[in-house]
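Take a look at the letters that make up each chain.
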Amino acid sequence: MANVMLITGASRGIGAATALLAAERGYRVAINYRREREAAEALVARIRAAGGSAQAFAADVANEDEVLRLFRELDETFGRLDVLVNNAGILERQMRLEEMDTSRLLRVFAVNVTGTFLCCREAIKRMTHRHGGSGGSIVNVSSMASRLGSPNEYIDYAAAKGAVDSMTIGLAKEVAGDGIRVNAVRPGLIKTEIHASGGEPGRVERLQSAIPLGRGGEAEEVARAILFLASDESSYCTGSFIDVSGGR
Ligand code: NAP
C-alpha cells in the first residue's frame, strides 16, 4: 500500500499545497484542520477527483486530547504512518514585545511549539523501530523568522519557530538510529492568508523589494521542498534545514 503522510493545518496555504503535491506523488494524505471543515473537505474532493487518496481529520494540535484522537483515527483509517509534516502554525497581530500579554504568548507557543512536540511524540510511537514501526520521516515547517527575529511584528512567533529549529536538531539525533529522519523547511515571505492574521494582508507586497529574488514565494514552492525532505530523495539528510526564502 502507498505511504501515508499526515499534514497538520492543511485546510489552506502551505499545508494544502503540500497535500495536493503529496497526493500527486502517490501518498495517501491525511489532511488535518482545526476549524475549516469545508475547505478541508473540498481539498479531499479535489484530490480524489484527480485519482488520489485523502481524508480529512479535525483536531487542534495544541490540545493533547484532540491530538491523541487524531492519531487513533489515523490508526483506524490507514493502520500506518510514514511521514508527518508539522505545518500547523499561527501568528498574532503585529506588536512590540512590551505589549504582549500572557494569553497571547501561551497561544502562540501552544500551537507552534507544543503542537509540534505532541504530533512528533505520537508519530514516533508509531514509526520508530523501537516501537515496532518501519521508520519514516518528519518535516517541521519552521520560518525564516527564527533567524531574523521579527522585530516590531511578532518576536513571540519568531522565538516559537526558534524552538522548532532546536527540537528539529535534537530530535533528529534522538531518533536517527530508530529509522526516522527529522528535517525542517524555513519559508520566507510566502503568499498565504497568515499575513492577514498578523493584521497586514499586504505584508508580502510591502516587503518584496527587500527579497533578493525580488518576489514573494508561492505555497507550492515550499511544498516542493517539504516533499523532498519527506522522501528518500533526501535519504542522507537529517537535522537539516531548507530555507525557502528567495535569499532573504
Ligand atoms: P495559513 O494560511 O494561515 O494556514 C495555517 C493553517 O494551519 C490553517 O489550515 C489553519 O487552520 C491551521 N491551523 C492553525 N492552528 C491550528 C491548530 N491549532 N491545529 C490545527 N491546525 C491549525 O498559514 P501558512 O502561511 O500556510 O502557514 C503554514 C506554516 O508555514 C505555518 O507553520 C507558518 O508558521 C509557516 N510559515 C509561513 C510563512 C508565510 O509567509 N506564509 C512563512 C514562514 C513560515 P484553521 O484556520 O482551521 O485553524
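Think of each chain on its own: its residues are numbered from 1, step by step along the sequence as written. Owing to the predicted nature of the model, reporting of local features is limited to residues with pLDDT of at least 70; listing and counting of side-chain atom pairs is limited to 80 or more, with chain, interface and lining totals taken over all residues. Side-chain numbers come from the whole structure's heavy atoms, not from hydrogens or water.

Looking up the protein chain in an unreviewed UniProt entry gives the name SDR family oxidoreductase, with the organism given as Pseudomonas triclosanedens.

**Q** Any chance you could break down the UniProt feature "domain: Ketoreductase" (unreviewed entry) in the protein chain for me, citing the residues and the numbers?
**A** UniProt positions are given in the numbering used here, feature names are shortened, and annotations may be inferred rather than shown by experiment. Mapped onto this numbering, the UniProt entry annotates "domain: Ketoreductase" (unreviewed entry) at residues 3-178. Strands are runs of DSSP state E lasting at least 2 residues, helices are runs of H or I lasting at least 4, and numbering of each runs from the N terminus. Secondary structure content for residues 3-178 is 52% helix and 15% strand, while the C-alpha to C-alpha distance between its ends is 18 Å.

**Q** Got a sec to walk through helix α6 (residues 155-175)? Specific residues and values, please.
**A** One fewer than the residue count of a helix, multiplied by 1.5 Å, yields its expected span. The end-to-end C-alpha distance of α6, which contains 21 residues, comes to 30 Å, matching closely the 30 Å that a straight helix rising 1.5 Å per residue would cover. Among all positions of α6, only D156, Y157, A158, A160, K161, V164, D165, M167, T168, L171, A172 and V175 are buried. Only heavy atoms enter the contact rule, under which two residues are in contact if any of them lie within 4.5 Å. Check the buried side of α6 and you find it contacts α4 (102-127), β5 (136-141), α5 (145-148), β6 (180-187) and β7 (241-244). With a 1.4 Å probe rolled over the protein chains alone, any residue whose accessible area is under 20% of its type maximum counts as buried; one over 50% counts as exposed, and the rest are partly exposed.

**Q** Hey, could you go over the site of the ligand for me, with residue numbers and the actual values?
**A** Taken together, 30 residues surround the ligand, and among them S11, R34, R35, Y157 and T192 come closest. Nitrogen and oxygen atoms within 3.5 Å of one another constitute a polar contact, given that in protein one can donate a hydrogen and the other can accept it, and given that sequence-neighbouring residues count only through two side-chain atoms. Within the side chain of Y157, an N or O atom sits 2.6 Å from an oxygen atom of the ligand. The side chain of H195 places a nitrogen or oxygen atom 3.1 Å from an oxygen atom of the ligand. Using the Shrake-Rupley algorithm and a 1.4 Å probe, accessible areas are obtained, with residue cover drawn only from the displayed protein chains. Bound to the protein, the ligand loses 98% of the 890 Å² it would expose on its own. Those elements that place two or more of their residues in the shell around the ligand are α1 (13-24), α6 and α7 (194-197). Here a residue counts as near a molecule or strand whenever at least one of its heavy atoms sits within 4 Å of it.

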